[in-house]
Every structure is written in C-alpha cells, then in structure tokens.
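Chain and residue survey
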Amino acid sequence: MEAKLKLQGRIDSSNAEETGRMLMEGIAGADSAVIDCGELEYISSAGLRAILKARKSLPGGITMTNVSRDVYEIFDMTGFVQMMDIRRAYRVLSVDGCEVIGEGANGIVYKIDADTVVKVYKNSDDIDTIHRERELSRSAFLLGVPTAIPYDVVMIDDGVHYGAVFEMLNAESYASLLIDGKKTVDEIAKMTAETLHSVHSAVPDKGFLPERRDAYLDMVNDIEGKVPDEQVAKLRSMLEAMPYDPHMLHGDFHIKNIMVQNGESLIIDMDTLAVGDPVFEFSGMYAAYIGFSEPDPNNVTEFFGISGDTAGRLWKATLREYFGNEEDAVSADKKIRLMSAVFLLSFIIRHTEREEGYRNRLIEISIKNIDALIGEVDDLTIRKN
C-alpha cells in the first residue's frame, strides 16, 4: 500500500517532533509513501531526521514530489537526493503563439524569445527521457560533439507535456536558413557533413549507448512475412556480420533539429544517440528527405518546408560532402537505401495509426525497394577507416 501525505510551511526544531509523529501515523501499514512538498517552504536538519526515521520503516521508500528549488537545494546538499526519489516542482511555460523552429522524432522546438528555445516532448510521459537526454547531451559535449545542454526542465501550460529549455541567442535551424535563402543547398550540405563528422568521430564509453545494429535486427524481425524468407535471412546475416563500431550516431539527424547560433552548429535533439556504422545514420536521413515522401510527395514540404527536388539535391550533396568524392558516395548509396527501406517498412508496420492508403503505398514501395537492392548489396558497412 502507498501512503500519500503532504508537508507545508516551515519545518524546523520547533515543530519537527510533531511532524515526525504525523509522518509515522500517516505511513502506518504502508509499504511506501509519496509526500507532496508543493507548499513546503523550508526544512531544517531536525525535519530531515524525521523524514529519515519514516523512511526506515518503509520497504518501498519515500518519493518527494513538487519540491521547490530552495528546498531541493537543501535535499541536494544533505545527500537526500541520493537516498530517495526527490522530484522538483517544474516551472510552467506557455508555447502558445511561439514560432516552431525545429522538430525531431520525439519533440518540437519553439522559440520563446530572442534568447531562449524550448523542446517540447511529444510523449506526455517523457520526463525520464528529458533527464536522460540531459545526461546524453553533457556526455556528447565533453566528447567534442557540438551540442547545447538544457539548463531547465519545465511543465508546459497544457498540464500534460514537459519541455527542456535552452539558451540559444538568435538561433535558427538549418531548415530555416535554407527556406529563408540565407544558405544554399550546397552550403547546408557542407554544414551537415561537418556536423555529422564531429558526431561520428566521437567514441563514448562502451555500453553507455545502445548499438544501432540491434535496432535494425529488430526491424528485420518486424518485416518477416512481408518480404521473402531468403531476403530476411540475407538481411539478418549481413547485419550480424558487421563488426562492432564504437563511434557515436545521432539517430535523427536532419535540417530541422540542428540549430545555428553565432555561426556554430548545435544539436539539441540527443535522445536517439547510439553507436554503430554511419549506414544507420544515413538510412534515417534518406527516409526523412526522400523515403517518407515516396507515397506522398507533399510530406517533405509539410515537414521541412522545402520541395521534394530541393530535398533530393540536399541528400546527394550531403553524401558527396561527407565522403569527399562521388565514387564513395555512390558506393554507399545502395547500402543506405536498402537499410532505409527496411527502416520504413518496419516503421509503417508498427505505426498502424497512419492513414490506410498511405500505409499500403509505403509498404508496397518499401518491399519493391528491398527486392531491387538486396541482390546488389553484399555487406552493409560504409565507414571509411
């Protein structure tokens, strides 16, 4: 049984004993407790001892919620944040009327003012993902990856979604720079390639990030029954034969989730980080720029604000810039498109909420693309040593 209690006002030596009695009475017969600290203004060492005493009698522990910044600092300085689950109260922020300047798989980026942007997470249960992304951003930053680190976590005023706040003075996305004519396709392609190289050269501690190859093996399992058994077997065999690659991948890299601030590119969408060969990075990029729009050419315009022709030119220019020559870009292209077809087929199988006509067209196109490419590909590695 979980007990629910509330603390308020100031708890110090004058009322800590009474508070302790109240806590013990409130948790009698319970296995765990959640204590709402939304109205708690201060707590002294005497009050902390009362909480510790209550905690010792609860096998499931205590969770403190809605903790103000000042009170959280007390818990932090005294080591309580290491001993129990203490959750800060979140500042409430509105994005009504704010400009959308970026979007990734899991969040939408809004410009709050000239200095501030907020990434609002699409999943209302994503508070753990936000804290995980902050950890990933810090780690990537220390490895030399150009990323911004959020300085605050907020509750959006819809009361459902959470956001991560970044200080980014006059930041613009790659997409905005392209749409507004401030950068050409070739310039954005060069910027993309340079930023990708900085990501792909980083090597995190082994085990810190998942292997992207494992995700693609799961995708191959998804498409069983949709493509011939011999194609499934070859795809699985090629994936399993790939050597372990310890280099970082972004996982959702495209022109809407990379910002430019004072001439510096900064990645702010880090919750999809993994390790592996760049073929997996580029397969997701190909899907974003071209693959998702094959059943409906309007998709790329609706999402990125650019034409399908521009997206295609950007894709080809990015490959050339990344590999440095046309020959290597062409060699990698078939492997990338094959993995992208697997990605798209798995994606649409899993996302049954998509419109039926679109789903059927994407399934048909992906199956045809796998069939056309698999005979021309014998290995999937594209990293150049």
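Residues numbered from 1 in each chain as written. Predicted model: local features only at pLDDT ≥ 70, side-chain atom pairs only at ≥ 80, totals over all residues. Heavy atoms only, no water.

Focus: the packing of aromatic side chains
Under the definition given, this model contains 13 aromatic pairs. A ring pair is formed by Y216 and F280, whose centres lie 4.7 Å apart and whose planes are at 40°; its orientation type is tilted. Of this pair, Y216 sits in helix α8 (residues 212-222) while F280 sits in helix α10 (residues 278-289), placing them 64 residues apart in sequence. Judged by centre distance (5.1 Å) and plane angle (75°), the ring pair of Y322 and F323 falls under edge-to-face. Taking relative accessible area as the criterion, Y322 reaches 10% and is therefore assigned buried. Ring pairing ties together the aromatic residues F282, Y286, W315, Y322 and F323, which thus form one cluster. Over the face of the ring belonging to Y72 we find R88, whose NZ or CZ atom lies 5.7 Å from the ring centre. Directly above the aromatic system of F303 lies the positively charged group of K256, at a separation of 4.6 Å from the ring centroid. (Phe/Tyr/Trp six-rings, centres within 6.5 Å; stacked < 30°, edge-to-face > 60°. Helix = DSSP H or I, 4+ residues; strand = E, 2+ residues; numbered from the N terminus. Buried < 20%, exposed > 50% of the residue type's maximum accessible area, 1.4 Å probe, protein only. Lys NZ or Arg CZ within 6 Å of the ring centre and 35° of its normal.)

Details of the pairing of strand β10 (residues 162-167)
Summarising burial for β10: five of the six residues are buried, a large majority. Two strands pair when backbone bridges link them, and strand β8 (residues 116-121) and β10 are joined in this way by five bridges, in the antiparallel orientation. Within the sheet, the bridge partner assigned to V118 lies in β10 and is V165. Bridge count for strand β9 (residues 152-156) against β10 is four bridges, and the pairing is antiparallel. Bridge pairing links V154 to G163 in β10. Counting the residues that bridge the hairpin from β9 to β10 gives five residues, and of these G159 lies at a positive phi of roughly 75°. (Pairing = 2+ DSSP bridges.)

Points about unusual backbone geometry
Positive phi outside glycine occurs at N66, with the angle close to 55°. Mapped onto the secondary structure, N66 falls in strand β3 (residues 62-67). For N66, a relative accessible area of 38% puts it in the partly exposed group. Of note in this structure, N262 is not a glycine but carries a positive phi near 50°. Here N262 shows up in the loop between β13 (258-261) and β14 (264-267).

As for the sheet that holds β13
Strand order across the open sheet formed by three strands is β11-β13-β14, with antiparallel pairing between neighbours. Each having just a single partner strand, β11 (172-173) and β14 make up the two edges of the open sheet.

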